[in-house]
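# Chain and residue survey
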Amino acid sequence: MKRFVQLSQISRKTDYDYCVIGGGPAGLMAAYELSRHGETLLLEAGVASSERPYTDLRAETTDSVLLSDHGTHPANPWTLRGPGGGMERYAGILIRYRLQDFDRSSVFAHASADPRWPIEYEDLRPYYDEVEQRFGVARASGLDPTEPPSCAPFLPPHRTSARAALINEAFDELGVGHFPTPLGVNSRPFARRPACTHCGHCNETRCQTGAKASLLPLVLGSGSNRRLRLAHAVTAEALRVDSTGRASSVECLDTVEGRPATVRARHFVIAAGALNSCALLLRSTSRLHPRGLANGNDQVGRGIQFKLTGYAEVRAPARALHGESPTLFSTTATTDFYHQLPEGGCGGFVYDASAPGRPDTLRLHFVISEAPMSENFVAPGPTASTRPNVVIRHSTHKVDRLRLRSLRSIAVGTLSRIDRRVRVHEEFNATGMAHLAGGCRAGTDPRTSVVDPEGRLHQCDNVHVADSAYFPYAASANPTMTLIANALRISRQLAQQS
Ligand SMILES: Cc1cc2nc3c(=O)[nH]c(=O)nc-3n(C[C@H](O)[C@H](O)[C@H](O)COP(=O)(O)OP(=O)(O)OC[C@H]3O[C@@H](n4cnc5c(N)ncnc54)[C@H](O)[C@@H]3O)c2cc1C
């Protein structure tokens, strides 16, 4: 079994083949793949922590501040600082982006940054299939009208919860299609993980049984792989370049010992989460890159995107739940409004989402991705370890507000078939958060993008970005499946070329 250790406990090598920065799902996937080809060191800022409730989870997230239309707030980037990143406590929804998500240029006339990905779904498809084969996704096939071409499911979907069954009845009355929410939670034993016991501890907590898919066991289980080293409690502060402009080392801080350290490598892969990946590049100033590494075109940090989301909820008639409690986080979803809203405009994803500690509550989560705007950007704090370490300037375009309102009325209309007293919470819009993407946007034009289709910085060819900072458009589906598949693609191509 592998372990995360302090950097000072890792034997000093002069040069690694690959240094991966960030130990969330994207970084772990990249490090795992790269270590099959060369000496690899992964640097993770957080430390392994024991199980804690969600209130503490906020304290573990990136210490960032949001300057938005709503004023100045501590931001909640909806992730986790520590080995495994946000996926350690994710809700388990693993869904692929749709074919159309790779080119939304025809529906986002208001976008001031190009929403087109430089790759197509077909380029990512084999990696999606490989990730699904490795982890298993419990899902149905053929019920989701927007489902892209995929391998056959490796796991059957979970049974519908009593709560979701009530929501499905309402969907049926309205003629809205629905399908079991695709979950990276085993419906039967798979990939050396047990079947889920439906204990109800999915979202915001670590899985108690190991039934929920995560990258951490894969990487820690690769004990025999001596080419992979894992360092925690080490913050990457800045990349340094040599006289030719190539990255030669990363300056770090061992946050336990309070000591600086330098790590040298032939290739660097940044996967510190969209915010911190941008901040790291912007902090990496030098004579050759005075505005930050690869930021000669002033694009690093621009086009950062949030999901705009809200919850609609009603009390369920207790007898209809048959005393059922607890269940999985989500077992029904609809993409009927994903591409098109009734009033026009690109829609989003709607799924049932259990309310923690309130088993009698029926809740729908409605989610849209905003259009990429180059005026929305990330600025770094002075160091990666000071608070706040990242400042986000963000404004929501009025078209995106209207899109969210339209999707909200679908969620409200659905639940009002069950009870007219529907409550709506959209608190996330004020604090800005969920599924951050963009900031190191991929493209073929070095004037308007930061990385090329393979994730390589246009202006520094031995540094790659492997997390959702790559995404030109964040899409309304949950991002983790896509960012793992893309990290696998980027790291495999890097290994083949180096
Ligand atoms: C409660 C919860 C539920 C969620 N549910 C879902 C879901 O159901 N489906 C879904 O698709 N997504 C879900 N998400 C989102 C998902 O967790 C993220 O999309 C995913 O974790 C992003 O992966 P990442 O590797 O890009 O970044 P992260 O997971 O944020 O990992 C980045 C890592 O880099 C480290 N780091 C940052 N800066 C530095 C630095 N300077 N030096 C070294 N290391 C650094 C951080 O400590 C962190 O561990 C959920 C998130 C939360 C919090």
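Just so you know, the residues in each chain are numbered from 1, in the order the chain's sequence is written. In view of the model being predicted, local features appear only for residues whose pLDDT reaches at least 70, and side-chain atom pairs are presented and counted only at 80 or more, with totals across whole chains, interfaces and linings using the full set of residues. Here the side-chain values reflect all heavy atoms present in the structure, with hydrogen atoms and water set aside.

## Here's the deal with unusual backbone geometry
- Phi is positive for His-198, which is not a glycine, with a value near 55°.
- In this fold, His-198 is placed in the loop between helix 4 (162-174) and helix 5 (215-220).
- One non-glycine residue, Glu-204, lies in the positive phi region at around 75°.
- Looking at where Glu-204 falls in the secondary structure, it is placed in the loop between helix 4 and helix 5.
- Each residue gets one of three labels from its accessible area relative to the maximum for its type: buried under 20%, exposed over 50%, partly exposed in between, using a 1.4 Å probe on protein chains only. By relative accessible area, which is 15% here, Glu-204 ends up buried. In DSSP terms, a helix is any run of H or I states spanning at least four residues, a strand is any run of E spanning at least two, and both are numbered starting from the N terminus.

## Notes on the confidence of the model for the protein
- Confidence scores per residue from the predictor, reported as pLDDT, run from 0 to 100. The pLDDT averaged across the protein works out to 91; a share of 95% of its residues lies at or above 70.
- Only heavy atoms matter for contacts: two residues are in contact if any of them lie within 4.5 Å across the pair. Confidence over residues 51-56 falls short of pLDDT 50; this stretch has nine contacts with residues more than four positions distant or in other chains.

## Let's talk about the packing of aromatic side chains
- In this analysis, rings of Phe, Tyr and Trp, with Trp reduced to its six-membered ring, are considered paired at centre separations within 6.5 Å, and the interplanar angle assigns stacked below 30 degrees, edge-to-face beyond 60, and tilted for intermediate values. In this structure the tally under the stated criterion is 10 aromatic pairs.
- For the ring pair Tyr-97 and Trp-117, a centre distance of 6.2 Å and an interplane angle of 85° mean the geometry is edge-to-face. Taken together, the positions of Tyr-97 in the loop between strand 5 (71-74) and helix 3 (121-135) and Trp-117 in the loop between strand 5 and helix 3 put the pair 20 residues apart, joining distant regions of the chain. Taken individually, Tyr-97 and Trp-117 each receive the classification buried, so the pair is uniform in this respect.
- Residues Phe-154 and Phe-190 carry aromatic rings whose centres are separated by 6.0 Å and whose planes lie at 40° to one another, so their mutual orientation is tilted.

## Comments concerning the sheet that holds strand 13 (residues 349-352)
- Here, strands pair whenever DSSP counts at least two bridges between them. Taken together, the five strands give an open sheet; going across it, the order is 12-13-14-11-17, and neighbouring strands pair in antiparallel fashion. The open sheet has two edge strands, strand 12 (333-334) and strand 17 (423-425), and neither has a second partner.
- Examined bridge by bridge, strand 13 and strand 14 (residues 361-369) share four bridges and lie antiparallel to one another. Counterpart to Phe-349 in the pairing with strand 14 is Val-367.
- Lines are fitted to the C-alpha atoms to define the axes, a helix being fitted only along its stretch in contact, and any angle between axes, read from their N-to-C directions, falls within 0 to 180 degrees. Against the sheet, helix 4 contacts strand 12, strand 13 and strand 14, and its axis sits at roughly 65° relative to strand 14.
- Across the sheet, helix 7 (residues 398-415) lies against strand 11 (307-315), strand 13, strand 14 and strand 17, angled at about 155° from strand 14, the strand it touches most.

## Concerning the layout of surface pockets
- Of the pockets and cavities examined, the largest pocket occupies roughly 490 Å³.
- Forming the walls of the largest pocket are 19 residues, and the residues nearest its centre are Ala-191, Arg-193, Ser-214, Pro-217 and Leu-218.
- Ranked by residue count, the leading element in the lining of the largest pocket is helix 5, at three residues.
- Residues are grouped as follows: Ala, Val, Leu, Ile, Met, Phe, Trp, Tyr, Cys and Pro are nonpolar; Asp, Glu, Lys and Arg are charged; all remaining types, including Gly, are polar. Taken together, the residues that form the lining of the largest pocket break down as nine nonpolar, four polar and six charged.
- Looking at which domains feed residues into the lining of the largest pocket, each of domain 1 (1-137 + 213-304 + 376-390 + 437-498) and domain 2 (144-207 + 307-369 + 395-431) gives three or more. The rule is simple: put a 1 Å grid over the protein atoms alone, call a set of points where a 1.4 Å probe fits but cannot get out a cavity, call an open set with protein on both sides within 12 Å along at least five of seven lines a pocket, and count a residue as lining if it has an atom within 4 Å of a point. Grid points are joined across faces, edges and corners, and a volume is the space filled by probe spheres set on the points. For the domain bounds, the source is a domain assignment made automatically or taken from a database.

## Observations regarding the site of the ligand
- Near residues are defined by distance, with any heavy atom within 4 Å of the molecule or strand qualifying the residue. Taken together, 38 residues surround the ligand, and among them Glu-44, Thr-79, Gly-86, Ile-93 and Thr-480 come closest.
- For the purposes of these results, a polar contact is taken to be a pair of N or O atoms within 3.5 Å, where, inside protein, one atom must be able to donate a hydrogen and its partner to accept one; residues adjacent in sequence count only when each atom of the pair is a side-chain atom. Residue Ala-91 places a main-chain N or O atom 2.9 Å away from a nitrogen atom belonging to the ligand.
- A distance of 2.8 Å separates an oxygen atom of the ligand from a polar atom in the side chain of Thr-480.
- Surface burial for the ligand is 96%, taken as the share of its 990 Å² of free accessible area covered by protein chains.
- Counting residues per element, the ones that place at least two in the shell around the ligand are helix 1 (25-34), strand 7 (234-241) and helix 9 (480-497).
- Examining the composition of the shell around the ligand, we find that three residues originate from one element, strand 7, more than from any other. What sets the accessible areas is the Shrake-Rupley method with a 1.4 Å probe; for residues, cover comes only from the shown protein chains.

## Side note on empty space enclosed by the protein
- Counting across every chain of the model gives four cavities of 30 Å³ or more.
- The volume enclosed by the second largest cavity comes to roughly 160 Å³.
- Lining the second largest cavity are 18 residues; nearest its centre among them are Arg-98, Arg-139, Asp-144, Glu-147 and Pro-182.
- Residues that form the lining of the second largest cavity fall into these classes: nine nonpolar, three polar and six charged.
- There are two domains that each give the lining of the second largest cavity at least three residues, and those are domain 1 (1-137 + 213-304 + 376-390 + 437-498) and domain 2 (144-207 + 307-369 + 395-431).

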